[in-house]
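The residues making up each chain are set out below.
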Amino acid sequence: MASVKVKCKDLVSKYTRDCLSSSREQLFTAGEMNVDFEASLDDKMLGDVRESELQKYVYSSFRSDFENGIKSELGEFVTVVKNLSDADRNGDTNAASAAGKMVTHYNKVLKSLVEDARTIVRELIVQKVKSKTNRVNPKQVTSVGTSSFKDIKLNADAFLSKISSSAVQEDITPTLKKSNGTKWLYFGAAATGTAGRVIVGKKPVKDKEIKELRSLEDVPNNATPYEGVIRASNTFADIHFVKKTLKDKDIKQCFAASAPKFGKFKVAIKTIESLPQDLRSYEG
């Protein structure tokens, strides 16, 4: 088997470390990217291309494009957060939550770049060895090793108006446990098909609280607000949405983020026209 070693572990970690640590006041507390794997192709597929030639071509092309992509995104990201830090110091009370959203956005961008590494290498190998008489496709290239990404974390303490100060970030598990599967609670959610959060209580959720949910670091900017009532135990949850509903998997995702210690439960979803005025007499 002809092989191409792609080792950017030290390189990527260095870029991440240098970019994040160069920001003053330690704006970031974590973040790591590693790319370290070996791609292989059957010798019969090489044609007239030598293995050493293939290694040199793929390695230099991949590292050049990958370095530039990572370097550009990281540099832009750090600049944006630095500017928001300056705005925070100048009294912008929305800067901290905006910085949190930027961290979420760039984590997705950078994670995508790292996840695409294997595909890029496969395509470069095919590009080098493919000819009119030598048909090769990316599926014939195998790879062994790692390409991993650990989320960059924003140090909320570096901002005067801390992101962590919002009450809706607290674990709602204790409140759900008090329900014990028998008592109904009001709930509000801000969610998309990929992420979201939930808040529950004995009183209807206010618009202000939904806005706080939408300002959280892990909630997308385009999150849709939902409201309703819920009764839940560690094994099941009856959820009655007002007019519009979330899918089963999406509501579970929201509760996993807002109540990580509550456990996994089956969900029964129902739609109602309006919120009940009195939970004590509500029978669903």
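In what follows, the structure referred to is the one given above.
One structure accompanies this document, and this report is about it. Bear in mind the structure is a predicted one, so any value in this text is a computation, not a measurement. (Residues numbered from 1 in each chain as written. Predicted model: local features only at pLDDT ≥ 70, side-chain atom pairs only at ≥ 80, totals over all residues. Heavy atoms only, no water.)

So, about helix H2 (residues 51-89). Here H2 spans 56 Å end to end across 39 residues, near enough to the 57 Å set by a 1.5 Å rise per residue. Downstream of H2 by a residue or two, Gly91 has a phi angle that is positive, lying close to 100 degrees. (Helix = DSSP H or I, 4+ residues; strand = E, 2+ residues; numbered from the N terminus. Expected span 1.5 Å × (residues − 1).)

To continue, consider the sheet that holds strand S6 (residues 224-232). Sheets are built from strands that pair by backbone hydrogen bonding, the pairs being arranged parallel or antiparallel. Strand order across the open sheet formed by 5 strands is S5-S4-S6-S7-S8, with mixed pairing between neighbours. Bordering the open sheet on either side are strand S5 (196-201) and strand S8 (266-272), each of which pairs with just one other strand. Each strand axis lies, on average, 30 degrees off the axis of its neighbour in the sheet, ignoring direction. Taken together, the 5 bridges between S6 and strand S7 (residues 236-242) define a ladder with antiparallel strand orientation. Within S7, the residue paired with Arg231 across the bridge is Asp238. The strands touched by helix H6 (residues 207-214) are strand S4 (185-191), S5 and S6; relative to S4, the strand with the most contacts, the crossing angle is about 40 degrees. (Pairing = 2+ DSSP bridges. Axes fitted to C-alpha atoms, helices over the stretch in contact; angles between N-to-C directions. Contact = heavy atoms within 4.5 Å.)

Before going further, it helps to examine the pairing of S8. In terms of strand pairing, S7 meets S8 through 7 bridges, oriented parallel. Across the sheet, the residue bridging to Phe236 is Lys266, located in S8. With helix H7 (residues 248-258) bridging S7 and its parallel neighbour S8, the resulting β-α-β unit is right-handed. (Right-handed = clockwise from strand over helix to strand, strands pointing away.)

Scanning the model with the defined rule gives 5 salt bridges in all. Two residues, Lys252 and Asp248, come together in a salt bridge whose shortest N-O distance is 3.3 Å. Taken as a pair, Lys252 and Asp248 lie in helix H7 at a separation of 4 residues, close to a single helical turn. Taking relative accessible area as the criterion, Asp248 reaches 32% and is therefore assigned partly exposed. For the salt bridge of Lys249 with Asp250, the shortest nitrogen-to-oxygen distance reads 3.1 Å. (Salt bridge = Lys/Arg side-chain N within 4 Å of Asp/Glu carboxyl O. Buried < 20%, exposed > 50% of the residue type's maximum accessible area, 1.4 Å probe, protein only.)

This next bit is on unusual backbone geometry. At Lys243, a residue that is not glycine, the phi angle is positive and equals roughly 70 degrees. Take Lys243: it is sitting in the loop between S7 and H7.

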